[in-house]
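# Examination of the molecular architecture
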Amino acid sequence: NIAICKKYFEKMAPLGLILEMEIGITGGVEDGVDNTGVSKEKLYSKPQDILKVWEGLSPISERFTIAAAFGNVHGVYKVGNVKLRPELLEEFQKFAEEKLGK
């Protein structure tokens, strides 16, 4: 996914466009894709994945966002099956700051 995003982002950056890269799997059923049986661990991005996206896209432009999965779902899902972990977003930021020295 990073290689595909880089390809498009290289074309978008000169136009001043912003790219959002979603990483991880989103739970639930949306657009005919059913992720309800996916392993729970896959519903959460890993800090290393965030860093890889940053390393791949930041040399092109700073005009991108990273949509990390923290247990979020789209579409239809069973009530009670969602365990949001927004604290992961802060952990991802701290991990990246530590690795990048910023």
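Residues numbered from 1 in each chain as written. Predicted model: local features only at pLDDT ≥ 70, side-chain atom pairs only at ≥ 80, totals over all residues. Heavy atoms only, no water.

## Some words on the packing of aromatic side chains
A full pass over the atoms with the stated rule returns two aromatic pairs. Judged by centre distance (6.0 Å) and plane angle (80°), the ring pair of F9 and F64 falls under edge-to-face. In this pair, F9 sits in helix α1 (residues 2–12) while F64 sits in strand β4 (residues 64–68), placing the two residues 55 residues apart along the sequence. Residue F9 is classed as buried on the basis of its relative accessible area of 0%. Here W54 and F64 contribute two aromatic rings whose centre-to-centre distance is 5.5 Å and whose plane-to-plane angle is 50°, an arrangement assigned as tilted. With W54 in helix α2 (residues 47–57) and F64 in strand β4, this pair connects stretches of sequence that are ten residues apart. What links up through ring pairs into an aromatic cluster is the set F9, W54 and F64. (Phe/Tyr/Trp six-rings, centres within 6.5 Å; stacked < 30°, edge-to-face > 60°. Helix = DSSP H or I, 4+ residues; strand = E, 2+ residues; numbered from the N terminus. Buried < 20%, exposed > 50% of the residue type's maximum accessible area, 1.4 Å probe, protein only.)

## Remarks on the side chain of S45
Looking at the secondary structure, you find S45 in the loop between β3 (33–34) and α2. Looking at S45, its side chain comes within polar contact range of the main-chain oxygen of I23, at 3.1 Å. Within the structure, the side chain of S45 is placed 2.8 Å from the backbone nitrogen of A69, a separation counted as a polar contact. Contacts of S45, omitting those with residues within four sequence positions, involve I23, G24, I50, A68, A69 and F92. (Polar contact = N/O pair within 3.5 Å; in protein donor to acceptor, adjacent residues only side chain to side chain. Contact = heavy atoms within 4.5 Å.)

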